[in-house]
Amino acid sequence: MRLKNLILLFFLAPVIFSFQSANQTFIPLGLVAPIEKDSVTSASGFKLFGESVGRMISPSLSEEKFKQNLELIKKAKCKLYMCNVMFPGKMKIAGPDVQEQAVLGYVDSLFFRAQQAKVSVIVLGSGAARRLPDDYDIDKAKKEFVLLGKKIAATAKKHNIKIALENLQSKETNFLTSVKSAAEIVRRVNHPNFRLNADIFHMKREGESPQSIVDAKDLLVHCEIAEVAERTLPGIKGDDFRPYLRALKTANYKGPIFVEAGSNYSAAQMAFCFQYLTKQIEDVYTH
């Protein structure tokens, strides 16, 4: 099946690459990929890339390692726009075991480093960190999380960082598994530095309607995407994202769309992904 897909890519690539409007940008595209793949990411057409907090800007990194990372970021052809996995799994941010002062101390150090690295957005997914005990009261969890979110947001403002709360599929966490539920938290936090990430991959996994994007249009600062069956790059399986892209258009979304689909892909597949997704965006934005 994999060989069949690669053969299909080979024959379709010239067609996709032939679109004259391919360089026209309606929505900026980014790729979550290791910084070591910066050259191929750039050559594929992406101008933005994302990395993990743990690899790039975590407070747990030594000062020497962080300075080395800053040099890599400075020399990169693509701009490091965002970092994800904001919290390590063992640092609880929801439920009964939250140590608030430790969390707030961590984010202060994290945002300070993010500011030095000129990272614009930190994605708050962190499924393990926010997982609740099975018997924990969900309304209580939301109330507590909102209060913590307000304090984290105030720290983010100090460092000029935007937090993008991510909806996650129920396989990854049991708390905030839809754009609708994440948007509810963002509204209650009510802070310009604590906004929403609509992850279309997780939405499709959970069967969530594109309408949730439209309903949260005033909160969106970030969007992520991948094919639903195996979290592959757009174009590998041929997923149609246009219903969700239409929702972004209706929402007048101005931020980037980031492909988050692992990193074990060839240069040809990455370039095809860029063109494939660009074509679907153009189909939506020009009709």
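Preceding this paragraph is the structure being described.
Thresholds applied
- Residues numbered from 1 in each chain as written.
- Predicted model: local features only at pLDDT ≥ 70, side-chain atom pairs only at ≥ 80, totals over all residues.
- Heavy atoms only, no water.
- Salt bridge = Lys/Arg side-chain N within 4 Å of Asp/Glu carboxyl O.
- Helix = DSSP H or I, 4+ residues; strand = E, 2+ residues; numbered from the N terminus.
- Phe/Tyr/Trp six-rings, centres within 6.5 Å; stacked < 30°, edge-to-face > 60°.
- Buried < 20%, exposed > 50% of the residue type's maximum accessible area, 1.4 Å probe, protein only.
- Lys NZ or Arg CZ within 6 Å of the ring centre and 35° of its normal.
- Pairing = 2+ DSSP bridges.
- Axes fitted to C-alpha atoms, helices over the stretch in contact; angles between N-to-C directions.
- Contact = heavy atoms within 4.5 Å.
- Parallel < 35°, antiparallel > 145°, perpendicular 65-115°, else oblique.
- Left-handed = near helix turned anticlockwise from the far one by under 90°.
- Nonpolar A, V, L, I, M, F, W, Y, C, P; charged D, E, K, R; others polar.

Description of the pattern of salt bridges
By the definition in use, this model includes 17 salt bridges. In this structure, Arg 188 and Glu 184 form a salt bridge, with 3.2 Å as the shortest nitrogen-oxygen distance. Taken together, the residues Arg 188 and Glu 184, both in helix α8 (residues 179-189) and four residues apart, mark about one turn of the helix. Notably, a salt bridge pairs Glu 230 with Lys 237, separated by 3.3 Å at the nearest N-O pair. Each of Asp 240, Arg 242, Lys 279 and Asp 283 takes part in salt bridges that share partners, so that together they form one network.

Points about the packing of aromatic side chains
A full pass over the atoms with the stated rule returns six aromatic pairs. For the ring pair Phe 46 and Phe 274, a centre distance of 5.1 Å and an interplane angle of 80° mean the geometry is edge-to-face. Here Phe 274 lies in helix α12 (residues 267-285) and Phe 46 lies in the loop between α2 (38-43) and β2 (48-52), a separation of 228 residues in the sequence. Overall, the relative accessible area of 11% leaves Phe 274 in the buried class. Note that Lys 249 overlies the ring of Tyr 285, its terminal NZ or CZ placed 5.9 Å from the centroid.

Focus: the sheet that holds strand β6 (residues 194-199)
Spatially, β1-β2-β3-β4-β5-β6-β7-β8 is the arrangement adopted by the eight strands of the closed barrel, whose pairing is parallel. Mean inter-strand twist for the sheet, computed between neighbouring axes without regard to direction, equals 30°. Across four bridges, the pairing between strand β4 (residues 121-124) and strand β5 (residues 162-166) is parallel. Bridge pairing links Val 121 to Lys 162 in β5. Strand contacts of α8: β5 and β6, with the helix running at about 170° to β6, the strand carrying the most contacts.

Some points on the packing of helix α11 (residues 242-250) against α12
Running from N to C, α11 and α12 cross one another at 55°; their axes reach a closest spacing of 9 Å. Relative to α12, the element α11 is oriented oblique. As for how α11 packs across α12, the hand of that crossing is right-handed. Every residue of α12 that contacts α11 at Arg 242, Leu 245, Arg 246, Leu 248 and Lys 249 is listed here: Gln 280, Ile 281, Asp 283, Val 284 and Tyr 285. Partitioned by chemical class, the residues of the contact of α11 with α12 number five nonpolar, one polar and four charged.

Taken by themselves, the reported measurements are silent on function.
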